[in-house]
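# Chain and residue survey
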Amino acid sequence: MDIATQAEIVLRNAQYETWSWSGPSGPVTCFESAALMGFVHVFVNAEALMAGWQASQKTSLARHAASLRGAGIKAWNVYSVLLTAERAPSLARAIERIEEDFTLTRKIARTAVTTAEDVERALLPLIGLRAQPLLGATNFEDRLRSRLKDVPADAVAAFLNETPAVEVARILGARS
């Protein structure tokens, strides 16, 4: 999976404007909304992430300095997202500590990003809450009938039996 492309998809679905540029350690996905902006950096492994995150952050900020100066209050909400596919238990705590560093930008740092779900999970702090309705096995016709309890039964039956709209309207009009 291409982490950068997947991150761009997730961010676009969350209504961010995105664009890419070639950073010193690879492509960088930039994102911006009305409230915040940031940069997604993908590293080849956890060691590269540990060694290069600060330089990547500074390079991104320097490249976009003019935009950041004109961003007003949004400049307080700049994120550096640092991702790698490598699972690195020995560096897990050190990578977690990157998020505790509040210099220059807010940070999201994750290892073991190998699936689209991993990318979305990593970007959760940046995307809005989404309700995912749980629809169990149900009879939709019965549910619809229960919601249309104030509509005459013969009009509901006509509607559900693919009766022409004119006929359903005639039935409804005859009752009012």
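Residues numbered from 1 in each chain as written. Predicted model: local features only at pLDDT ≥ 70, side-chain atom pairs only at ≥ 80, totals over all residues. Heavy atoms only, no water.

Attention shifts here to the overall build of the protein. Within the protein one finds 8 helices and 5 strands. In sequence order, the protein lays out its α and β elements as α-β-β-β-α-α-β-α-β-α-α-α-α. For 176 residues, the compact-globule estimate of 2.2 N^0.38 gives 16 Å, and the protein exceeds it by more than 25% at 25 Å. C-alpha extents for the protein along the principal axes are approximately 75 × 40 × 25 Å. Counting only residues that meet the buried cut, the protein has 36% of its 176 residues in that class. Sequence separation of at least 24 residues holds for 59% of the intrachain contacts in the protein that already meet a minimum separation of 6. About 10900 Å² of surface is accessible on the protein, with carbon and sulfur atoms providing 54% of the total. (Helix = DSSP H or I, 4+ residues; strand = E, 2+ residues; numbered from the N terminus. Rg over C-alpha atoms; globule rule 2.2 N^0.38 Å. Buried < 20%, exposed > 50% of the residue type's maximum accessible area, 1.4 Å probe, protein only. Contact = heavy atoms within 4.5 Å. Areas by Shrake-Rupley, 256 points an atom, 1.4 Å probe, with all protein chains shown as cover.)

Right, let's get into the layout of surface pockets. Considered as a void within the structure, the largest pocket measures approximately 180 Å³ in volume. Lining the largest pocket, in full, are Leu61, Leu68, Ala75, Trp76, Val78, Phe102, Leu104, Thr105 and Arg106. Grouping the amino acids of the lining of the largest pocket by side-chain chemistry returns 7 nonpolar, 1 polar and 1 charged. (1 Å grid on protein atoms, 1.4 Å probe; cavity = no way out; pocket = protein on both sides within 12 Å on 5 of 7 lines; lining within 4 Å. Points joined across faces, edges and corners; volume = space filled by probe spheres on them. Nonpolar A, V, L, I, M, F, W, Y, C, P; charged D, E, K, R; others polar.)

For Gln15, which is not glycine, the phi torsion reads 75° and is therefore positive. Tracing the chain through its elements places Gln15 in the loop between helix 1 (3–13) and strand 1 (17–23). Positive phi is not limited to glycine here, since Ala112 has a value of about 60°. When you line up the elements, Ala112 lands in the loop between strand 5 (106–110) and helix 5 (116–122).

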